[in-house]
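Listed below are the residues making up each chain.
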Amino acid sequence: MGLSLSKGKTSPSPAAAAAAEHDQQKPQLPRVASILGEPHLDVNRDFKISKKKAGEGKFAVTYICREKSTGKKYACKMIPKKKLVTDNQKEDLKREVRIMEHLRGQRNVVELKGTYEDNKNVHLVMEYCEGGELYAKMKSNGRYSEKVAAQILSSIMKLVYSLHFMGVMHRDLKPENFLLAKKSVLPCFVDYSMLKAIDFGLSAYIDEEKPNQEKVGTAFYVAPEVLRRQPYGKEIDIWSAGVILYMLLTGTPPFDGENEDRIFEAVLKAKPDMENHPWPSISENAKKLVNAMLSVDPTKRPTAAVVLNDPWLDKNGVATKDPIDDMFVEKMKHFRAMNKFKKLALKILTEMVPEKELEGLQAMFRTLASKEQKVSREELEKSLVRMGSNLGPDDAKVIVEAADTDGDGYIDYDEFKTAMMNFRKQHKEDHLRKTFQHFDKDLNGFISKEELKSALEGYEMGDEATIEEIISEIDKNDDGQINYEEFCAMMRS
């Protein structure tokens, strides 16, 4: 029963006064600190979470949920905070979220819809894949024909190529971490061309100057250099994909044992059976590719791009070109065509984002720049060849001309991250607000023509015609100035 509040200035009754004094003496429940560093937000505000589980792991349970505003189905990964005991575990979760945000828009990665956190749980709301786990299909199917195995490997390697291009290694590639985007109409007609990777909890950014030595992964799929705690890099993903290919062709893992230690021993020996059934009936090209991907020496393993162009995939009619190359060039062309005000606004916004949130862009720049601090067109061409990219000299020219805002013929890291920030569709509200206020000098809620002119002239970017063009493009209500809603629309377009 609640209290009735009187509008008069009457004194509270003795009972009410006693109750109020008792409430003041009650210990207040402590507010649990935010793990993600954002204000607490209840997932139930936007989503109706069902009791139906879509998956379960050591630290999390994934449920089916629906967005209240649209009715669209999503997957909601719930991580109880009480299970995140150590600082390392909390950092791993933060890194997982940052990596998924960095990978937004990648075709073979499950899309992160949003993050929510309350006192008890962290929720990651993600794209729902109705086709289920690749592992379940492999378990029921046994071994696959070479044609279907090639289709599955092609989908996996497009994911691996995209990750490595973006400066990320998964570190736990396995059939359980791939979902089929669509449910097949008939069991015998499964479309494996669109696999989506999940679970980036063990993923890390690639840094060739500071290679990893953590012992992570899953027993059947872990590379020998990881078990030996040797410095390792993105080649461990190629090994794991090679293990999956072996399983697709044979129906059994290449390294097996009665327990985890025995499996590790088999991995370290690295001598999978490729003589007995069904290997005599498997093509020589398939055998060569498996052997190459399961090379003990990581430097002898093919890159993801080389695998995608392997003769075995080509012979089995699999389209090998990965769309990330074209997408990257198209995004750079879009940045080049952008108005000067948006480029300047992105530069200001980028300066407000903590470097920790830009680790993905740092890693991506390292893959393009090698050990240089800035990249010329010629150096970029060499980097693209080294990465196995299909991009050529003309594409390198487009990329450099687009990102090189100061016109010195090079892309430095600041220019690169400013260009790439344009492709983030979900800029944080406080960053957008502060960027808008940077231009709204009198804080009246509008960016006037004079304020815009002053900002552009400060960077030697503006003339009268340019300013008029920008105003007419952004000013949707034709009042001659830019309000916050119009500014946000420009930044998110």
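Residues numbered from 1 in each chain as written. Predicted model: local features only at pLDDT ≥ 70, side-chain atom pairs only at ≥ 80, totals over all residues. Heavy atoms only, no water.

A.B. asks: Tell me what's going on with the environment of Ile467, and back it up with residues and numbers.
C.D. replies: By secondary structure assignment, the location of Ile467 is in helix 19 (residues 464-474). Given the relative accessible area of 2%, Ile467 is considered buried. For the pair Ile467 and Asn339, spaced 128 residues apart in sequence, the C-alpha separation works out to 9.8 Å. The residues touching Ile467, leaving out its near neighbours within four places in the chain, are Lys449, Leu452, Lys453 and Leu456. (Helix = DSSP H or I, 4+ residues; strand = E, 2+ residues; numbered from the N terminus. Buried < 20%, exposed > 50% of the residue type's maximum accessible area, 1.4 Å probe, protein only. Contact = heavy atoms within 4.5 Å.)

A.B. asks: Tell me what's going on with the confidence of the model for the protein, and back it up with residues and numbers.
C.D. replies: The pLDDT averaged across the protein works out to 86; a share of 89% of its residues lies at or above 70. Here helix 1 (residues 14-25) stands out as the element of the protein with the lowest mean pLDDT, 44, in contrast to helix 6 (residues 235-250), whose mean of 98 is the highest. Scored below 50 in pLDDT, residues 1-31 makes four contacts in the model with residues more than four places away or belonging to other chains. (pLDDT = per-residue confidence, 0-100.)

A.B. asks: Describe the side chain of His164, listing the residues and the values that go with them.
C.D. replies: Looking at where His164 falls in the secondary structure, it is placed in helix 4 (residues 146-165). His164 gets classed as buried once you look at its relative accessible area, which sits at 8%. Of note is the side chain of His164, whose polar atom sits 3.0 Å from the side chain of Asp237. Here His164 is in contact with Met169, Ile206, Lys234, Asp237, Ile238 and Thr367, once residues within four sequence places are set aside. (Polar contact = N/O pair within 3.5 Å; in protein donor to acceptor, adjacent residues only side chain to side chain.)

A.B. asks: Mind laying out the packing of helix 18 (residues 449-458) against helix 19, listing which residues take part and the relevant values?
C.D. replies: Viewed as axis vectors pointing N to C, helix 18 and helix 19 meet at an angle of 125°, and their least axial separation amounts to 10 Å. Here helix 18 is positioned oblique relative to helix 19, judged by the angle of their axes. Crossing hand, helix 18 versus helix 19: right-handed. Contacts between helix 18 and helix 19 involve Lys449, Leu452, Lys453 and Leu456 from the former and Glu464, Ile467, Glu468, Ile470 and Ile471 from the latter. Among the residues making up the contact of helix 18 with helix 19, the classes are represented as five nonpolar, no polar and four charged. (Axes fitted to C-alpha atoms, helices over the stretch in contact; angles between N-to-C directions. Parallel < 35°, antiparallel > 145°, perpendicular 65-115°, else oblique. Left-handed = near helix turned anticlockwise from the far one by under 90°. Nonpolar A, V, L, I, M, F, W, Y, C, P; charged D, E, K, R; others polar.)

A.B. asks: Go over the nonpolar core with me, naming the residues and quoting the values.
C.D. replies: Grouped together as the largest cluster of nonpolar side chains are 140 residues, with contacts concentrated most on Ile156, Met157, Trp312, Phe328, Phe341 and Phe487. Those residues in contact with Phe487 that sit more than four places away from it in its chain are Phe341, Ala345, Leu432, Thr435, Phe436, Ile447 and Ile482. Core analysis: the second largest hydrophobic core is formed by seven residues, Val43, Phe47, Cys65 and Tyr74 among them. (Core = buried A, V, L, I, M, F, W, Y, C linked by side-chain atoms within 4.5 Å.)

A.B. asks: Run through unusual backbone geometry, naming residues and quoting values.
C.D. replies: With omega at 10°, the peptide bond leading from His277 into Pro278 counts as cis. Summarising the element assignment, Pro278 is placed in the loop between helix 7 (260-269) and helix 8 (284-293). Within the chain, Arg229 stands out as a residue other than glycine whose phi angle is a positive 55°. If you trace the backbone, Arg229 turns up in the loop between helix 5 (224-227) and helix 6. One non-glycine residue, Ala270, lies in positive phi territory at about 55°. The residue Ala270 is located in the loop between helix 7 and helix 8 in this model.

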